[in-house]
Amino acid sequence: MARENQEGRGNTPSATATVANAAAHRSGSAAAAAAKQPLNAAKGADGQSVLKRLQSELMALMMCGDPGISAFPEGDNIFSWKGTIDGGAGTVYEGMVYKLSLCFPSDYPFKAPKVKFESPCFHPNVDLCGNICLDILQDKWSSAYDVRTILLSVQSLLGEPNNDSPLNTQAAAMWANQEEFRKMVEKHYKLAS
């Protein structure tokens, strides 16, 4: 049964309670409420399977203990999450924490969530509105990916941009000069403070 819950196929009231208890332990009542309640947005068989999948991912993310990443439902809406990623050690983003929004479609995981930076982020693959150019969020999406995969991929992208497909051409042009690039990163980061 634990295996079924991890894969998002089975979910009993006790599994939901486990998610709620873990959520309450990690982040307080908002995540717990989101993990407990079947929401209006998740009506019908498809909505229930998405709900179960997201509850399972929430629990798995809280238990994984990956450093520098976290995400929880926003209030009681399990289809809208807020996440954070730390800039990777040894990158120009080291020591910075970025906020993200994740909005899951009703046909998740067969369609990628919309992920955006909420914090200003100067990066070749992030535009001024926070949109992210990352292949796994677009044409390379797979239903095997989960919230943890997304957060780790975005965190990795910070230190390893794809300058062949920039959303921010100024950042892409500056990337080669890491000293100047770091100054721009810090300038944008201070806008969030």
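Predicted model only: the values in this text are computed from it and were never measured.

**Here we look at the pattern of salt bridges**
Right, so step 1: A full pass over the atoms with the stated rule returns 4 salt bridges.
Right, so step 2: For the salt bridge of E180 with K183, the shortest nitrogen-to-oxygen distance reads 3.2 Å. Of the two residues, E180 and K183 are both situated in helix α7 (residues 178–191); the distance of 3 residues between them amounts to about one turn of the helix.
Right, so step 3: Its relative accessible area of 34% is what places E180 among the partly exposed residues.
Right, so step 4: K183 gets classed as partly exposed once you look at its relative accessible area, which sits at 46%.
Right, so step 5: Note that R182 and E186 form a salt bridge whose closest N and O atoms lie 2.7 Å from each other. Linking R182 with E186, this pair stays in helix α7, spanning 4 residues, or about one helical turn.

**Side note on the nonpolar core**
Right, so step 1: W81, I85, Y93, Y98, F117, I132 and V147 are the most contacted members of the largest nonpolar core, which totals 43 residues.
Right, so step 2: Only α4 (44–64), β1 (69–74), β2 (77–86), β3 (97–103), β4 (114–117), α5 (147–159) and α7 provide two or more residues apiece to this core.

**Looking at the packing of aromatic side chains**
Right, so step 1: Within the structure shown, the criterion is met by 10 aromatic pairs.
Right, so step 2: An angle of 70° between the planes, with centres 6.0 Å apart, marks the rings of Y93 and Y98 as edge-to-face. There is no split in this pair, since Y93 and Y98 are both buried.
Right, so step 3: Between Y98 and Y189, the aromatic rings sit 5.4 Å apart at their centres with planes inclined by 70°, giving edge-to-face as the arrangement. Taken together, the residues Y98 in strand β3 and Y189 in helix α7 connect sequence positions 91 residues apart.
Right, so step 4: Overall, the relative accessible area of 22% leaves Y189 in the partly exposed class.
Right, so step 5: One aromatic cluster is present, formed by Y93, Y98, F117, F122, W175, F181 and Y189 through successive ring pairs.

**A closer look at the sheet that holds β1**
Right, so step 1: The antiparallel open sheet is built from 4 strands, whose spatial order is β1-β2-β3-β4. Sheet topology places β1 and β4 at the edges, where each strand pairs with a single neighbour. With strand direction ignored, the average angle separating the axes of adjacent strands in the sheet is 25°.
Right, so step 2: In terms of strand pairing, β2 meets β3 through 7 bridges, oriented antiparallel. The residue bridging K82 from the neighbouring strand is S101, located in β3.

**Here we look at the environment of F181**
Right, so step 1: Secondary-structure assignment places F181 in helix α7.
Right, so step 2: Residues F181 and A171, spaced 10 residues apart in sequence, show a C-alpha to C-alpha distance of 7.4 Å.

**Thoughts on the UniProt feature "active site" (unreviewed entry) in the chain**
Right, so step 1: Residues given the UniProt feature "active site" (unreviewed entry) here are C133.
Right, so step 2: Summarising the element assignment, C133 is placed in the loop between β4 and α5.
Right, so step 3: What makes C133 buried here is its relative accessible area of 17%.
Right, so step 4: Sequence-distant contacts of C133, that is, excluding residues within four places in its chain, are made with N125, Q138, L157, S165 and L167.

Thresholds applied
Residues numbered from 1 in each chain as written. Predicted model: local features only at pLDDT ≥ 70, side-chain atom pairs only at ≥ 80, totals over all residues. Heavy atoms only, no water. Salt bridge = Lys/Arg side-chain N within 4 Å of Asp/Glu carboxyl O. Helix = DSSP H or I, 4+ residues; strand = E, 2+ residues; numbered from the N terminus. Buried < 20%, exposed > 50% of the residue type's maximum accessible area, 1.4 Å probe, protein only. Core = buried A, V, L, I, M, F, W, Y, C linked by side-chain atoms within 4.5 Å. Phe/Tyr/Trp six-rings, centres within 6.5 Å; stacked < 30°, edge-to-face > 60°. Pairing = 2+ DSSP bridges. Axes fitted to C-alpha atoms, helices over the stretch in contact; angles between N-to-C directions. UniProt positions renumbered as here; feature names shortened; annotations may be inferred. Contact = heavy atoms within 4.5 Å.

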